[in-house]
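The lines below spell out each chain.
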Amino acid sequence: MEKVRLGNLEIEINEDYQKAFQEVENNSNIFITGEAGTGKSCFLRLLCKKLKENHKNYVVLAPTGVAALNVNGCTIHSFFKFSIHGIRPHIIENKKELFKNLNVVIIDEVSMLRADLLDYIDEALQINKNSNLPFGGCQMIFIGDLSQLPPVTMKQELPLFTAIYDSPYFLSARCISINKLKMIKFTKIYRQKDNKFIEMLNQIRNGKVTYDTLNNINKKIGKLNQDNILITTTNNVVKNYNALMLNKLEGEARHYKAICDGIEEDDLPKYGIEKEIVLKKNAKIMFLNNDYENGWVNGSLGKVISMSENQIIAELDIDGRRVRVDKIETEINDYKWDDNKKEIEVEKQACIYQLPVKLAYASTIHKVQGMTFDNINLDLSYGTFAPGQLYVALSRATSLDGITLMRPIYPKDIILDGRIDNLVNNYCEVI
């Protein structure tokens, strides 16, 4: 099987990847999906490389600030200049040349993309490209898993929303109902190797859990292991547990304050960056960026060995190596048209200087989507409240042996949105 090197990663071009690249070459509007750990993120990186080589002008967008940073892209609202107080597609004067030359729009983490937002994207592309074609004639590539975290709809929005749309998912958008997508489902799982555990996860994902599966998972109830990250459903539990564990450590705390340029401090949480990080020697930390040269990726764990004014020395859990971690510049980007190079380029809109770490005694399920851990504690004391939460939590672990439950999993914790299968059947052509 062909393999391609991308930076320090060697990516396997499996049969699913080949199908997807063929549909990209056919200029199809496509939906790339698959279970957790099937290589969707790696595919996106390789896709961007291939589009650039083929001189296709593209943008990578995401529904949230954190998701946008993870793909070195831009939020949908920022790119289209949608107001948070009301979405109004309009002509964007300073992007006329960009839209004129735009060929491909990639949207990642589409489980969180709302149907109404996609309709506004369709309208905005038609307006700015002066075209009545679907999406203004742009090729659309959607990437994500609808069985993971769903779109957010506020309670006060529901009466009007449900009067127009069958569901909040992007496949319920009116622009999709008249333009079916080609769907390629990635099937080879790279995160987990144990087929029995993979089958258990599939049952939870599909809401068809047998008694034996639930019984086997619940055998993992045990005492909280303080060496492992605690994954839970609520921010308050995370905040309190991180503070509790930090206070247990001896020694003086150091405060690392973020420096903002072009962005308000109050907007930092949208991008998963804290205004101030408080650390002590031996504090457990999670890395928030990819630094392949130094041996860590987004979600890697470690502990603080020593601290100075703008840097720390940390020990990586994966291999025990000690690395220097400096404050880095995190860019909040948009896209612009470079008339000299005749191509779309990333343009820095704002930047944040901060250590690319956070305390990692605990994290919410929402904030670990896309990450991989060898060992986790799972606390469902407050239950689950959204479709896909339990599946996302359990599928972060590489094996069943790496999971410790704080309480049993009950059938009511397995929340499934039955509309998803109908949407896929109605609006996608499976390749």
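Residues numbered from 1 in each chain as written. Predicted model: local features only at pLDDT ≥ 70, side-chain atom pairs only at ≥ 80, totals over all residues. Heavy atoms only, no water.

Draft legend 1. Examining the packing of helix H9 (residues 195-206) against helix H10 (residues 211-218) more closely. The N-to-C vectors of H9 and H10 enclose an angle of 115°; their axes lie 10 Å apart at closest approach. What the angle tells us is that H9 and H10 run roughly perpendicular. Viewed along their axes, H9 and H10 form a crossing whose handedness is left-handed. Listed contacts from H10 to Met200, Gln203 and Ile204 of H9 are Thr213, Asn216 and Ile217. For the contact of H9 with H10, the class distribution of residues is 3 nonpolar, 3 polar and no charged. (Axes fitted to C-alpha atoms, helices over the stretch in contact; angles between N-to-C directions. Helix = DSSP H or I, 4+ residues; strand = E, 2+ residues; numbered from the N terminus. Parallel < 35°, antiparallel > 145°, perpendicular 65-115°, else oblique. Left-handed = near helix turned anticlockwise from the far one by under 90°. Contact = heavy atoms within 4.5 Å. Nonpolar A, V, L, I, M, F, W, Y, C, P; charged D, E, K, R; others polar.)

Draft legend 2. Looking closely at the pairing of strand E13 (residues 284-287). In E13, alternate side chains face the same way, and those of Lys284 and Met286 on one face and Ile285 and Phe287 on the other are all buried. By the bridge criterion, 3 bridges tie E13 to strand E14 (residues 301-307) in an arrangement that is antiparallel. Residue pairing in the sheet places Lys284 in a bridge with Lys303 of E14. Here E13 pairs with strand E19 (residues 357-359) via 3 bridges, running antiparallel. Bridge pairing links Ile285 to Leu359 in E19. (Buried < 20%, exposed > 50% of the residue type's maximum accessible area, 1.4 Å probe, protein only. Pairing = 2+ DSSP bridges.)

Draft legend 3. Representation of the nonpolar core within the structure. Core analysis: the biggest nonpolar cluster contains 70 residues, and Ile106, Ile121 and Phe142 have the highest contact counts within it. Filtering out sequence-adjacent residues up to four positions away, Ile121 remains in contact with Ile76, Phe80, Phe82, Ile107, Leu113 and Met140. Counting 31 residues, the second-largest nonpolar core is a separate cluster that includes Ile217, Ile229, Leu390 and Val392. (Core = buried A, V, L, I, M, F, W, Y, C linked by side-chain atoms within 4.5 Å.)

Draft legend 4. Broad picture of the sheet that holds strand E15 (residues 311-316). Strand order in the open sheet formed by 5 strands is E16-E15-E14-E13-E19, and the pairing between neighbours is antiparallel. Each edge of the sheet is formed by a strand with only one pairing partner; in this case those strands are strand E16 (322-326) and E19. Each strand of the sheet is rotated relative to its neighbour by a mean of 45°, with strand direction disregarded. Across 5 bridges, E14 lies against E15 in antiparallel orientation. Note on E15: the bridge partner recorded for Met307 is Ile312.

Draft legend 5. Representation of the environment of Thr404 in the model. Along the polypeptide, Thr404 turns up in strand E22 (residues 403-405). Ignoring any residue separated from it by four or fewer positions in sequence, one finds Thr404 in contact with Lys220, Gly222, Lys223, Ile376, Asn377 and Leu378.

Draft legend 6. Structural detail: the layout of surface pockets. Here the second largest pocket defines a volume of roughly 460 Å³. As for the second largest pocket, its lining consists of 21 residues, of which Val152, His366, Phe385, Ala386 and Gln389 are closest to the centre. (1 Å grid on protein atoms, 1.4 Å probe; cavity = no way out; pocket = protein on both sides within 12 Å on 5 of 7 lines; lining within 4 Å. Points joined across faces, edges and corners; volume = space filled by probe spheres on them.)

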